[in-house]
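Results of the structural survey
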Amino acid sequence: GAVVSQHPSWVICKSGTSVKIECRSLDFQATTMFWYRQFPKQSLMLMATSNEGSKATYEQGVEKDKFLINHASLTLSTLTVTSAHPEDSSFYICSAPRGGGTEAFFGQGTRLTVV
Amino acid sequence: GENVEQHPSTLSVQEGDSAVIKCTYSDSASNYFPWYKQELGKRPQLIIDIRSNVGEKKDQRIAVTLNKTAKHFSLHITETQPEDSAVYFCAASGSNDMRFGAGTRLTVKP
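Read on for an overview of the structure. (Residues numbered from 1 in each chain as written. Chains lettered and ligands numbered in written order. Predicted model: local features only at pLDDT ≥ 70, side-chain atom pairs only at ≥ 80, totals over all residues. Heavy atoms only, no water.)

Moving on to the packing of aromatic side chains. Scanning all chains against the criterion turns up 13 aromatic pairs over all chains. Between Y36 of chain A and F106 of chain A, the ring centres sit 6.1 Å apart and the planes meet at 35°, which makes this aromatic pair tilted. Taken together, the positions of Y36 of chain A in strand β4 (residues 32–38) and F106 of chain A in strand β10 (residues 104–106) put the pair 70 residues apart, joining distant regions of the chain. We note that Y36 of chain A, like F106 of chain A, is buried. Measuring from centroid to centroid gives 5.7 Å for Y36 of chain B and F100 of chain B, while their planes differ by 50°, and the two rings are tilted. Residue Y36 of chain B is found in strand β4 (residues 32–38), and its partner F100 of chain B is found in strand β10 (residues 98–100); the two are separated by 64 residues along the sequence. For the pair Y36 of chain B and F100 of chain B, one class covers both residues: buried. Between the NZ or CZ atom of K66 of chain A and the centre of the ring of F67 of chain A, over which it lies, the distance is 6.0 Å. When the ring centre of F28 of chain A is taken as origin, the NZ or CZ atom of R98 of chain A, which lies over that ring, is 5.9 Å away. (Phe/Tyr/Trp six-rings, centres within 6.5 Å; stacked < 30°, edge-to-face > 60°. Helix = DSSP H or I, 4+ residues; strand = E, 2+ residues; numbered from the N terminus. Buried < 20%, exposed > 50% of the residue type's maximum accessible area, 1.4 Å probe, protein only. Lys NZ or Arg CZ within 6 Å of the ring centre and 35° of its normal.)

Here's what the structure looks like:
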């Protein structure tokens, strides 16, 4: 199957700092990238959908100024958590479908801990 | 937007028994329905999927059924084994989103 590489796999940062998470599609062009957040023992909650070359579409309740998404190329999408706070600590994971309505390939996930 | 509901939230079966997990979706435009298995701290892994033009699909011990009229789809695992123990998620996808159910924690007792 296709490969989506996500980095870093884990990060610890101080409250008030920003953290950037990268997702790269290694062997296909990812026109779309889904970004999810997963709290312990909970489901994958869609935060936003990014499309290459256009602004991301954010889900209701997700602050677009706090969670900056950039999808400048067909192989790279980034999520930046700005001014992180302890309540932002979570597992963040991206996934990219190879086409509309097809299997989405997940990155490894990033465990963010804000102290 | 799409809303996916999944039941049950936990399921415990004896090894060798069957397990069934059910999902409903709200958006009639959704046309792709994957099922993922997630082990603790790892990325979800696709185990089976079905498209809206198909009613049933089977892959060895795993099968998925789709009732497009009722907007229901289900995962069936037969002859369960302890290694099937994990969290299972259903999802519904349209042209530009993929939303997940709340998950089912399946425990298979040896």
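On to the interface of chain A and chain B, then. In many reports, interface size means the accessible area that the parts give up when they come together. Across the contact, 24 residues belong to chain A and 22 residues belong to chain B. When the two sides are added together, the surface that chain A and chain B hide from each other amounts to roughly 1700 Å², 51% of it contributed by carbon and sulfur. At the boundary of chain A with chain B, the tally comes to one salt bridge. The shortest N-O distance in the salt bridge between R99 of chain B and E59 of chain A comes to 2.6 Å. At the boundary of chain A with chain B, the tally comes to seven residue pairs in polar contact (both at pLDDT 80 or more). Secondary-structure elements contributing two or more residues to the side of chain A that touches chain B are β4, β5 (45–51), β9 (90–97) and β10 of chain A. Looking at the side of chain A that touches chain B, the element that brings in the most residues is β4 of chain A, giving four residues. (Contact = heavy atoms within 4.5 Å. Buried area = accessible area lost by both parts, 1.4 Å probe. Salt bridge = Lys/Arg side-chain N within 4 Å of Asp/Glu carboxyl O. Polar contact = N/O pair within 3.5 Å; in protein donor to acceptor, adjacent residues only side chain to side chain.)

Throughout the structure, instances matching the rule amount to six salt bridges over all chains. Across the pair K66 of chain A and D88 of chain A runs a salt bridge whose closest N-O atoms are separated by 2.8 Å. In this pair, K66 of chain A sits in the loop between β6 (57–58) and β7 (67–73) while D88 of chain A sits in the loop between β8 (76–81) and β9, placing the two residues 22 residues apart along the sequence. Judged by relative accessible area, K66 of chain A falls into the buried class, the value being 11%. Salt bridges sharing partners connect three or more residues here, namely E59 of chain A together with D97 and R99 of chain B.

All names here are of chain A. One can find H71 in strand β7. Classification of H71 as buried rests on a relative accessible area of 5%. A distance of 2.9 Å separates the side chain of H71 from the backbone oxygen of A30, its partner in a polar contact. Among the polar contacts made by the side chain of H71, one reaches the main-chain carbonyl oxygen of S73 at a distance of 3.3 Å.

This next bit is on unusual backbone geometry. A cis geometry characterises the amide bond from H7 of chain A onward to P8 of chain A, with omega recorded as -5°. Along the chain, P8 of chain A turns up in the loop between β1 (4–7) and β2 (10–13). Cis rather than trans, the peptide bond between H7 of chain B and P8 of chain B has omega equal to -5°. Relative to the helices and strands, P8 of chain B resides in the loop between β1 (4–7) and β2 (10–14). In the Ramachandran plot, K41 of chain A falls in the positive-phi region, its phi being about 60° despite a non-glycine side chain. Along the chain, K41 of chain A falls in the loop between β4 and β5. Within the chain, Q60 of chain B stands out as a residue other than glycine whose phi angle is a positive 60°.

In short, the description is geometric, and any link to function would need to be established separately.
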